[in-house]
Amino acid sequence: MTATDSSPAPNFIRNIIAEDLKANKNEGRVHTRFPPEPNGYLHIGHAKSICLNFGLAQEFGGVCNLRFDDTDPSKEEVKYVESIKEDVRWLGFDWQDREFYASDYFEQLHEYAVQLIKDGKAYVCDLSANEIREYRGTLTEPGKNSPYRDRSVEENLNLFERMRAGEFKDGSRVLRAKIDMASPNLNMRDPVIYRILHAEHHRTGNTWCIYPMYDFTHGQSDSIEGITHSICTLEFEDHRPLYDWFLDALKIFHPQQIEFARLNLSYTVMSKRMLLQLIEEGYIPGWDDPRMPTISGLRRRGYTPESIRNFCERIGVAKRDSMVDIALLEHSVREDLNKRAPRVMAVLRPIRLVIDNYPENKMEELEAVNNPEDPGMGTRKIPFSRVLYIEQDDFREVPPKKFFRLAPGREVRLRYAYFIKCVGVVRDEQTGEVVELHCTYDPKTRGGDAPDGRKVRATLHWVSAAHSLKAEVRLYDHLFLKANPTDEKDGADFKTYLNPDSLETLTSCRVEPTLKDAAPGSRYQFERLGYFCVDTVDSSNEKLVFNRTVTLRDTWAKIQKVEKEAMEVHKGVIKG
RNA sequence: UGGGGUGUCGUCAAGUGGUAAGACACGGGCCUUUGGAGCCCGUAUUCGGAGGUUCGAAUCCUCCCACCCCAGCCA
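Residues numbered from 1 in each chain as written. Chains lettered and ligands numbered in written order. Predicted model: local features only at pLDDT ≥ 70, side-chain atom pairs only at ≥ 80, totals over all residues. Heavy atoms only, no water.

> Would you explain helix 4 (residues 106–118) in this entry?
Relative to the 18 Å expected for 13 residues at 1.5 Å per residue, helix 4 spans 18 Å between its end C-alpha atoms, a close match to the ideal helical length. Inspection of helix 4 places Phe 106, Leu 109, His 110, Tyr 112, Ala 113, Val 114, Leu 116 and Ile 117 among the buried residues, and these make up the whole buried set. At the exit of helix 4 stands Gly 120, carrying a positive phi of roughly 75°. (Helix = DSSP H or I, 4+ residues; strand = E, 2+ residues; numbered from the N terminus. Expected span 1.5 Å × (residues − 1). Buried < 20%, exposed > 50% of the residue type's maximum accessible area, 1.4 Å probe, protein only.)

> What am I meant to see in the environment of Arg 151 here?
By the element assignment, Arg 151 lies in the loop between helix 5 (129–136) and helix 6 (153–164). Expressed as a C-alpha distance, the spacing of Arg 151 and Cys 422, which sit 271 residues apart in the sequence, is 94 Å. Once residues lying within four places of it in the same chain are set aside, the contact partners of Arg 151 are Val 124, Cys 125, Asp 126, Asn 156, Leu 159 and Arg 173. Within the structure, Arg 151 has its side chain in polar contact with the backbone oxygen of Val 124 (distance 2.9 Å). (Contact = heavy atoms within 4.5 Å. Polar contact = N/O pair within 3.5 Å; in protein donor to acceptor, adjacent residues only side chain to side chain.)

> When you look at the layout of surface pockets in this model, what are you seeing that I'm missing?
Summary: where empty space remains is shown by rolling a probe the size of a single water molecule over the atoms. Quantified by volume, the largest pocket comes out at close to 2200 Å³. Taken together, 50 residues form the lining of the largest pocket, with Thr 551, Leu 552, Asp 554, Ala 557 and Lys 558 sitting closest to its centre. Secondary structure elements with two or more residues in the lining of the largest pocket: helix 12 (326–340), strand 21 (469–476), strand 25 (544–551) and helix 13 (555–571). When residues in the lining of the largest pocket are grouped by element, the largest group, ten residues, is from helix 13. A per-class count over the lining of the largest pocket returns 16 nonpolar, nine polar and 25 charged. What the second largest pocket holds in volume is close to 1300 Å³. Around the second largest pocket, the lining is made up of 46 residues, and of these His 46, Glu 235, Phe 236, Arg 262 and Lys 272 lie nearest the centre. Within the residue set of the lining of the second largest pocket, elements represented by two or more residues are strand 1 (31–34), helix 2 (44–59), helix 7 (214–225), strand 8 (229–233) and helix 9 (272–280). No other element matches helix 9, which puts six residues into the lining of the second largest pocket. (1 Å grid on protein atoms, 1.4 Å probe; cavity = no way out; pocket = protein on both sides within 12 Å on 5 of 7 lines; lining within 4 Å. Points joined across faces, edges and corners; volume = space filled by probe spheres on them. Nonpolar A, V, L, I, M, F, W, Y, C, P; charged D, E, K, R; others polar.)

> Whenever I open this one, the domain arrangement of chain A confuses me. Can you help?
Size of an interface: often given as the accessible area lost when the parts come together. As far as domains go, chain A holds domain 1 (14–260), domain 2 (272–342 + 472–558) and domain 3 (346–461). A straight line from the C-alpha centre of domain 1 to that of domain 2 covers 35 Å. Listed as interface residues are 24 residues of domain 1 and, on the opposing side, 24 residues of domain 2. In this assembly, domain 1 packs against domain 2 so that about 2100 Å² is buried in total across both faces, 68% of it on carbon and sulfur atoms. Among the residues of domain 1 in contact with domain 2, Tyr 41, Ile 44 and Trp 90 are the three that bury the most area, contributing 34% of the side total. Where domain 1 packs against domain 2, one counts five salt bridges. Ionic pairing is found between Arg 299 and Glu 86, a salt bridge with its closest N-O pair at 3.5 Å. Our count for the contact surface shared by domain 1 and domain 2 stands at eight residue pairs in polar contact (both at pLDDT 80 or more). Here the element with the most residues in the side of domain 1 that touches domain 2 is helix 2; it accounts for six residues. A class-by-class count of the residues in the side of domain 1 that touches domain 2 yields twelve nonpolar, five polar and seven charged. (Domains from an automatic or database assignment. Buried area = accessible area lost by both parts, 1.4 Å probe. Salt bridge = Lys/Arg side-chain N within 4 Å of Asp/Glu carboxyl O.)

> Which parts of the structure should I look at to understand the packing of helix 4 against helix 6?
For any two helices packed against each other, the geometry is given by the interaxial angle and the distance between the axes. Running from amino to carboxyl end, helix 4 crosses helix 6 at an angle of 160°, the nearest separation of the two axes being 9 Å. In terms of orientation, helix 4 and helix 6 fall into the roughly antiparallel class. As helix 4 runs across helix 6, the sense of the crossing is right-handed. Contact residues: Glu 107, His 110, Ala 113, Val 114, Ile 117 and Lys 118 in helix 4; Val 153, Asn 156, Leu 157, Phe 160, Glu 161 and Arg 164 in helix 6. Across the contact of helix 4 with helix 6, the residue classes tally to six nonpolar, two polar and four charged. (Axes fitted to C-alpha atoms, helices over the stretch in contact; angles between N-to-C directions. Parallel < 35°, antiparallel > 145°, perpendicular 65-115°, else oblique. Left-handed = near helix turned anticlockwise from the far one by under 90°.)

Next comes the structure, spelled out in structure tokens:
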């Protein structure tokens, strides 16, 4: 397991475990488990659970199992187990040899069921699904006993064996726990514990045609594995009495179930169902699309495992429903990448800039710092010549106030190069738009400082036209326009709030030549722009493709945004 | 109108009877060859509300209010 990245803040689960340890409960053991169902890809919400379970075990000298909760063969697939293992490993956690499957326990679980029947605590019920629902009652009315509730132990044993033997059709019978049809907790109204499903299981094949339900599987699996603290999300709080009931009825080791609030993140959705829907309906190409809140999406986007772990530590663990600001996630990557990403110059929307007084065929190599946060990362040489590209945004013919980049007559610095002054522009004859800038440079400012001590307000990034490499850059933004897209109080479907500009692909970008052999997945800071990584799927030596992980904090953009909004309010524009 | 939960700054979140941590966001300043980073400062007289107990309450008691979850042979 990887070391935690920051000192742990107190939370109620940590407190419970600390107290259990103090009381020498479970002989001082701490054993947790992460129990995904292999029916989809892991997302950042699962990361919270992974960090919690593996983190707590590590912190208290215990261990954490990886256990696949694979009791519904109709939805589960091996490709999901593979992706889940890859993601947990990538996040930095190691389950060593403790890779388990609920399906490993099918035989034992079946024996437990038989034991319940023998104890008169379970029965085979022939009611249809609809009838079971009707008999269950409602939130305010008690249910009614099934007419099959009082079958003899012998008959139940016989019927249950024949269910297992495949004598009956799907849905024709179930095994139920005999608890209390009048319980105010619906989960206790004789819950189904085994159903008939003639389906092939990804691990057990056709060995079984009856499969245990979650409630009958989870606690017993925890018990078999000797789990001490079974941490799950809030919606299982109502199931805890049932979790306890089975363990008590079976008289086996009794782990403690503890519930916490699942993660909600602003401007995205966190439900496997909705994520799958975005893919199936073609809004997003796949689970690993960099806009997805999935672990694989974040990985492809350029997030580091460290940043995700730090994020999970920072958000805390509690029982109240909450919505974490995605800005905190973004802060976490910036913080990590600031320290480790090499800096590089890239021009996303190039405009040609000619330095009139610079010799035609001259090229000089200028020294640039790889990471000002870490001198150990050294320096590199970057080519400079007469014709450059700079960012279109870095020039304004009529500079607004507070804009202190390049403008006619104004002097700025080219990073690690020279001071330049804009002396003219070239326009497109048709459109009148500025297509080329002409500047002069001051040879005495080589490296970026003026010997006479004069200052300049702005430093621009640039690239030598002849030496730069072409690249495609994908600019990603929030998936949704609304902080909580699933808030359907106004009646709209969550997809209504999809951000049409969540992806902008720029195909005529120019990057400095040192990026020539950039490895897929490697991360850089494009100076003044943000953090980018080489796409692991589409980038190649012939065609470099970068994904924007996150922008740098941008106070200029903030000023523009505030002024734009003020303008809209002034004009009386109604904001949506 | 059954049961289970939860309400502390814009967003997370500590706090468990002794006088409201921290983070993000936000605002201001310093510094700066990234309008980045870093540094400094500011930001809840108040803890869903109302009563009560107490020398003292976010913490204890009472009532009320709001929100979330549960009627799959899903997990």
